[in-house]
Amino acid sequence: MTWLQCIECDERYSGGEPRYTCDCGGLLEVRYEEIPSRSDFTGPLGVWRYSSILPLETADSVTLHEGGTPLYDAGKLSDELGVDIHVKHEGMNPTCSFKDRGMTVGVSKAIELGIERVACASTGNTSAALSAYGAAADIPAVVLLPQDKVAMGKVAQALMHGAELVELDGNFDECLRIVRDLADEGFFYVLNSINPYRLEGQKTIAFELLEQLNWELPDRVVLPIGNAGNISAIYKGFREFYHAGIIEEIPMMTGVQAEGASPLVGALQKSGPLEPFESPETKATAIRIGDPVNAPKAREAIGETGGTATSVTDEELMDAQVKLAQYEGIGVEPASATSVAGVRKLLDEGVIDSTETIACVTTGHVLKDPDAALEASGDTVKTDATREAVRNALN
Ligand SMILES: Cc1ncc(COP(=O)(O)O)c(C=O)c1O
Ligand SMILES: N[C@@H](CCOP(=O)(O)O)C(=O)O
């Protein structure tokens with residue numbers, strides 16, 4: 001049995017109807033009566049291997065075989081940075097980002113609740129995932145995007161999967177506010193990370209990571225922060241295993257924002273309230289977010305694990321993107337590379353110790369944003385079509 005519980009006042013809701021927040025305004029999370037055990041996990045590595053601690057009760061899952069993403073030992077990067085780095089590449093999901101883990105659960109739950117139309121605001125990846133899972137479930141999907149600020153690969157995905165796309169003359173935060181308002185009017189069911197069911201799918205990153213490391217905990221998990229759902233979800237996954245006695249510690253949860261969109265970093269540094277960025281700006285368009293809705297959950301994740309948050313410049317994250325691609329063969333989009341850029345910065349500052357084992361989560365695939373990849377990696381060489389010209393052109 002599951003229910004929804006407010007993280008602020010502990011009020012409980014049955015979860016049998018659409019609800020995103022508590023009457024007090026607090027964020028909700030899914031709670032379970034049953035405690036998981038390792039023997040419950042059967043089937044191939046992937047989201048639904050953990051169905052005993054996922055909130056689907058009667059409906060069948062809508063699945064595109066998400067999860068089961070590779071974990072790489074990043075040997076050359078580890079040598080260069082002087083710390084042991086593993087990379088969990090979530091860009092290897094069906095629509096090429098971690099959002100698929102959330103959508104398989106969120107869309108399945110929408111079907112269970114009898115929802116007829118789903119929606120999201122998006123910087124791109126959520127829209128691609130919602131559209132694909134909406135198509136698979138045969139449920140119409142609506143997407144609100146900040147105009148001209150979404151990488152083309154993501155827009156193409158959402159259109160190809162048949163979603164209705166509306167571009168707004170505003171930023172992501174404004175899109176999300178409007179989506180939430182229209183949901184309150186009954187227009188559709190929101191599948192952004194304000195939806196507690198969606199985040200349940202994303203917590204399986206923690207479970208897979210542990211299994212792939214033969215149940216040896218990394219000291220730290222480092223990942224990008226945008227709307228702050230993923231860090232909250234992964235922490236919840238670790239916390240559930242901790243309370244079940246499956247693990248004895250929780251890794252230090254460490255989030256990285258782009259400097260031009262780093263309200264959470266600012267709030268943590270001041271130990272004060274979050275002051276939204278009115279005009280967030282970064283080349284990592286996926287995390288161009290000024291008012292992360294899951295900030296209270298993310299603060300818990302970081303605070304309760306002795307983790308931290310930092311920000312990196314666009315130059316730093318582009319450099320990390322190229323290093324991941326050229327040292328390790330791991331192609332990620334700009335936002336994902338903030339994880340590695342953040343590790344470098346925290347090592348330089350002495351926050352990360354070189355004896356730590358670190359798991360970086362790279363959240364989206366390089367092909368999501370071809371323009372950014374070209375900008376970061378340089379240009380082609382053009383020559384005449386002769387053997388001599390090519391010989392001369394090559395180093
Ligand atoms: C590629 C990518 N990485 C990271 C993030 C940040 O994740 P979250 O919003 O859960 O913090 C997003 C979306 O926000 C994303 O699309
Ligand atoms: N990067 C996200 C922004 C929306 O985040 P969500 O997790 O709340 O859906 C995107 O891909 O749109």
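Looking at an unreviewed UniProt entry, the chain carries the name Threonine synthase, with the source organism given as Halorutilus salinus. Under Function (unreviewed entry), UniProt gives the following word-for-word description of the chain: "Catalyzes the gamma-elimination of phosphate from L-phosphohomoserine and the beta-addition of water to produce L-threonine." Quoted verbatim from the Cofactor (unreviewed entry) heading of the UniProt record, the comment on the chain is "pyridoxal 5'-phosphate".

Undergrad: Just to check I follow, could you spell out the domain arrangement of the chain for this structure?
TA: When the parts come together, some accessible area is lost, and that loss is often what is quoted as the size of the interface. When cut into domains, the chain gives domain 1 (1-34) and domain 2 (71-96 + 198-377). One C-alpha centre belongs to domain 1, the other to domain 2; they are set 27 Å apart. Listed by partner, the interface residues are 8 residues for domain 1 and 10 residues for domain 2. Interface area, domain 1 with domain 2, both sides summed: about 660 Å², of which 54% is carbon and sulfur. Contact with domain 2 buries area across many residues of domain 1, yet Ile7, Leu27 and Glu29 alone supply 61% of it, more than any other trio. Two residues, Glu29 and Arg239, come together in a salt bridge whose shortest N-O distance is 2.7 Å. For the interface between domain 1 and domain 2, the tally reads 5 residue pairs in polar contact (both at pLDDT 80 or more). Tallied by class, residues from the side of domain 1 that touches domain 2 come to 5 nonpolar, no polar and 3 charged.

Undergrad: Explain the site of ligand 2 to me, please; I cannot follow it from the model alone.
TA: With respect to spatial proximity, 13 residues lie near ligand 2, and among them Ser122, Thr123, Thr126, Ser193 and Arg198 are the closest. Within the backbone of Asn125, a nitrogen or oxygen atom sits 2.9 Å from an oxygen atom of ligand 2. Coverage of ligand 2 by the protein chains reaches 95% of its 340 Å² of free accessible surface. Residues of the shell around ligand 2, tallied by class, amount to 3 nonpolar, 8 polar and 2 charged.

Undergrad: What am I meant to see in the pairing of strand β11 (residues 252-258) here?
TA: The side chains of a regular strand alternate, residue by residue, between the two faces of the sheet. The element β11 is largely enclosed, with a buried count of 6 among its 7 residues. Crossover strand β10 (residues 220-224) to β11 through helix α8 (residues 229-243) is right-handed. Across 5 bridges, the pairing between β11 and strand β12 (residues 308-312) is parallel. Bridging from a neighbouring strand, Gln257 pairs with Ser311 of β12.

Undergrad: What am I meant to see in a negative patch on the surface here?
TA: Side chains of Glu259, Glu315, Glu316, Asp348 and Glu349 sit close together on the surface and give a patch of like negative charge. Tracing the chain through its elements places Asp348 in helix α12 (residues 334-348). On the basis of relative accessibility, which here comes to 64%, the residue Asp348 falls in the exposed class.

Undergrad: Help me understand the site of ligand 1, please; the structure alone is not making it clear to me.
TA: The full set close to ligand 1 counts 16 residues, and Gly226, Asn227, Ala228, Asn230 and Thr363 are the nearest of them. The separation between an oxygen atom of ligand 1 and a polar main-chain atom of Asn227 is 2.7 Å. Contact between ligand 1 and Thr363: a nitrogen atom at 2.6 Å from a side-chain N or O atom of the residue. In isolation ligand 1 has 380 Å² of accessible area, and contact with the protein removes 98% of it. Across the shell around ligand 1, the residue classes break down as 8 nonpolar, 6 polar and 2 charged.

Rules and cut-offs
- Residues numbered from 1 in each chain as written.
- Chains lettered and ligands numbered in written order.
- Predicted model: local features only at pLDDT ≥ 70, side-chain atom pairs only at ≥ 80, totals over all residues.
- Heavy atoms only, no water.
- UniProt positions renumbered as here; feature names shortened; annotations may be inferred.
- Domains from an automatic or database assignment.
- Contact = heavy atoms within 4.5 Å.
- Buried area = accessible area lost by both parts, 1.4 Å probe.
- Salt bridge = Lys/Arg side-chain N within 4 Å of Asp/Glu carboxyl O.
- Polar contact = N/O pair within 3.5 Å; in protein donor to acceptor, adjacent residues only side chain to side chain.
- Nonpolar A, V, L, I, M, F, W, Y, C, P; charged D, E, K, R; others polar.
- Near = heavy atom within 4 Å.
- Areas by Shrake-Rupley, 256 points an atom, 1.4 Å probe, with all protein chains shown as cover.
- Buried < 20%, exposed > 50% of the residue type's maximum accessible area, 1.4 Å probe, protein only.
- Helix = DSSP H or I, 4+ residues; strand = E, 2+ residues; numbered from the N terminus.
- Right-handed = clockwise from strand over helix to strand, strands pointing away.
- Pairing = 2+ DSSP bridges.
- Patch = residues over 30% accessible without salt bridge, like charges linked within 9 Å, V, L, I, M, F, W, Y side chains within 5 Å.
- Lys, Arg positive; Asp, Glu negative; His and termini not counted.
- Charge placed at Lys NZ, Arg CZ, Asp CG, Glu CD.

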